[in-house]
Amino acid sequence: MSAAGFVLAINIFVAGLFAAAFLVIAWRSPRAIAARWLALAYAIGILNAGLEFVLPLQPHPELLGLFVFAVALAAFAVSAIGLAAHYAVKPPLGALALILATSILANAVLMDQHSTSSLPRALVYQLPYFFVHLVGAWVVFRARKRSALDLTLLLFLLLSGAQFVAKPFLAASLGESSTQAYLQSLYGAYSQLFTALLLITNGVLMLLIIVREEMAEMTSRSETDKLSGLLNRRGFEDRARVVILNTRRLGRPLSAVVADLDHFKTINDTHGHEAGDRVITAFADVLTSAGNAPRLLSRMGGEEFAILMPGATLEAAQGYAEDVRSSFAALSIAALGPGQRFSASLGVTELGSSDSLSDLLRRADAALYEAKRGGRDRVCTVKSEPSVDRMAARPQRRKGSRRA
């Protein structure tokens, strides 16, 4: 077997590995649509490489050569569509279809024109690969969020495209034709080697990017409360500790609000658990829509909620809590009967200089307990002081609220 044939066989093996890897991701995560497209792209690539071995055995290889060219171009086009699916960019189907149609037609016209010199014919053959890679790079560039990994993929897509522009000149410098005795030529060995290196690099980068997104999605699902759509206790505590560290580093204020739905057991007993679920989701919507300051929202369990507000003073958090209380008290929840109103009690406190997350939440709970003891459907605050024993809760005067 020639050197080019040996590297081509390696390329088939590598493409098979990537096709299998993307298939596994697509099977394990039905939402990973991009993995399906990329698995298909590598599967088409395997077909293309296999046909390269058959091509030299044909007495009249022109038509099969055109088909091999179209298959390889289709593999790169499908890969670009997969990238568009991953980055939520509108797939450039028009541009890809134009490249495919014009390039196949141009190569078909030049197929029997032996008078045309090797370099122009080779450029007509290789440039469409460059343009399809350019489309893939454009898709990555259009992505809303690009990390270093995404930018690295963009760079290697451009390099992959550039090598197809360089191939005809490489063949000319070696004094060989890029279309004749390909697998036996020195040019074929170099060409397949460059293709192998970039195939592996681009495949690894795309695999890492998709796995990264899948891991982030799994983490998000494990840290999100399914009913309310807010963070669960685990997700809240993990993020809250980081927020507190950053707040202290920047020297900014931070406040916490804890909330509890009043008489929630009565809601469940009277209206049923489905109605209770609707009340929880309605309260979560109020927490999300009230105010516009940055905040960390969570459902800690049952009818208990916690909110962390970086950059908010005690007074600002107080205002947010009062907006939540009054909005929820005025809310009418569909299908729970006319005139039904529900309320929540809230406790507010501000981060002290030596507070841990548990200290902050414990003090907010103390304010919440004072709101419950004071009649519910109200907001109470407690200031940060050196000693917990010296803390005093201050009930806020209600404004136009109604009890449950």
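Keep in mind the model is a prediction, meaning the values are calculated, not measured.

**Quick look at the overall build of the chain**
The secondary structure content of the chain amounts to twelve helices and six strands. For the chain, the residues scored as buried account for 45% of the 404 residues in total. Sequence-distant contacts, at least 24 apart, represent 69% of the contacts inside the chain between residues at least 6 apart. Of the roughly 20,400 Å² that the chain leaves accessible, carbon and sulfur atoms contribute 62%.

**Points about the nonpolar core**
Judged by nonpolar contacts, the single largest core of 31 residues is most densely connected at L261, F283 and L287. Going through the elements one at a time, β1 (254–261), α9 (264–271), α10 (273–289), β3 (304–310), α11 (314–329) and β4 (344–350) are the ones with two or more residues in this core. Examining the composition of this core, we find that seven residues originate from one element, α10, more than from any other. Judged by nonpolar contacts, the second largest core, of 28 residues, contains I25, A39, A84 and L154.

**Some remarks on unusual backbone geometry**
Even without being a glycine, R376 presents a positive backbone phi close to 70°. Mapped onto the elements, R376 comes out in the loop between α12 (357–373) and β5 (379–382). Residue R376 is classed as partly exposed on the basis of its relative accessible area, which comes to 30%.

**Re the environment of F22**
Within the secondary structure layout, F22 lies in helix α1 (residues 3–28). In the structure, F22 is positioned 188 residues away from I210 in sequence and 8.9 Å away in space, judged by C-alpha atoms. Setting aside residues up to four positions removed in sequence, F22 forms contacts with A35, L38, A39, Y42, G203, M206, L207 and I210.

**Regarding helix α4 (residues 93–110)**
An ideal rise of 1.5 Å per residue puts 26 Å on 18 residues; α4 measures up with 26 Å between its terminal C-alpha atoms. All of the buried residues along α4 are L96, I99, S103, N107 and L110. Along α4, the residues classed as buried sweep out an arc of 85° about the axis, all on the same side. Pointing more than 90 degrees away from the buried face of α4 are the exposed residues G94, L98 and L105. Among the structural elements, α3 (62–86) and α5 (118–142) are those in contact with the buried residues of α4.

**Structural notes on the packing of α3 against α5**
One way to put it is that α3 packs onto α5 with a least axis distance of 8 Å and a crossing angle of 5°. In terms of orientation, α3 and α5 fall into the roughly parallel class. Contact residues: G65, F69, A72, L73, F76, A77, A80, L83 and A84 in α3; Y125, P128, Y129, V132, H133, V135, G136, V139 and V140 in α5. Taken together, the residues of the contact of α3 with α5 break down into 15 nonpolar, three polar and no charged.

**Digging into the environment of A317**
Looking at where A317 falls in the secondary structure, it is placed in helix α11. With a relative accessible area of 0%, A317 lands in the buried category. Once the C-alpha coordinates of A317 and V348 are considered, the two residues, 31 residues apart in sequence, prove to be 6.9 Å apart. When neighbours within four sequence positions are excluded, A317 is seen to be in contact with S255, V257, M309, A312 and V348.

**Topic: the pattern of salt bridges**
The final tally for this structure, using the stated rule, is 13 salt bridges. Between E223 and R239 there is a salt bridge, with its nearest N and O atoms 2.2 Å apart. Note that E223 is positioned in the loop between α7 (186–222) and α8 (233–250) and R239 in helix α8, a separation of 16 residues in sequence. With a relative accessible area of 6%, E223 lands in the buried category. The partly exposed category is assigned to R239, whose relative accessible area is 33%. One salt bridge in this structure joins D355 and R363, with 2.4 Å as the shortest N-O distance. This pair shows no difference in class: D355 is buried, exactly as R363 is. Ionic contacts of the salt-bridge type, sharing partners, join the residues D150, R212 and E213 into one network.

Cut-offs used in this document
- Residues numbered from 1 in each chain as written.
- Predicted model: local features only at pLDDT ≥ 70, side-chain atom pairs only at ≥ 80, totals over all residues.
- Heavy atoms only, no water.
- Helix = DSSP H or I, 4+ residues; strand = E, 2+ residues; numbered from the N terminus.
- Buried < 20%, exposed > 50% of the residue type's maximum accessible area, 1.4 Å probe, protein only.
- Contact = heavy atoms within 4.5 Å.
- Areas by Shrake-Rupley, 256 points an atom, 1.4 Å probe, with all protein chains shown as cover.
- Core = buried A, V, L, I, M, F, W, Y, C linked by side-chain atoms within 4.5 Å.
- Expected span 1.5 Å × (residues − 1).
- Arc of directions from axis to C-beta.
- Axes fitted to C-alpha atoms, helices over the stretch in contact; angles between N-to-C directions.
- Parallel < 35°, antiparallel > 145°, perpendicular 65-115°, else oblique.
- Nonpolar A, V, L, I, M, F, W, Y, C, P; charged D, E, K, R; others polar.
- Salt bridge = Lys/Arg side-chain N within 4 Å of Asp/Glu carboxyl O.

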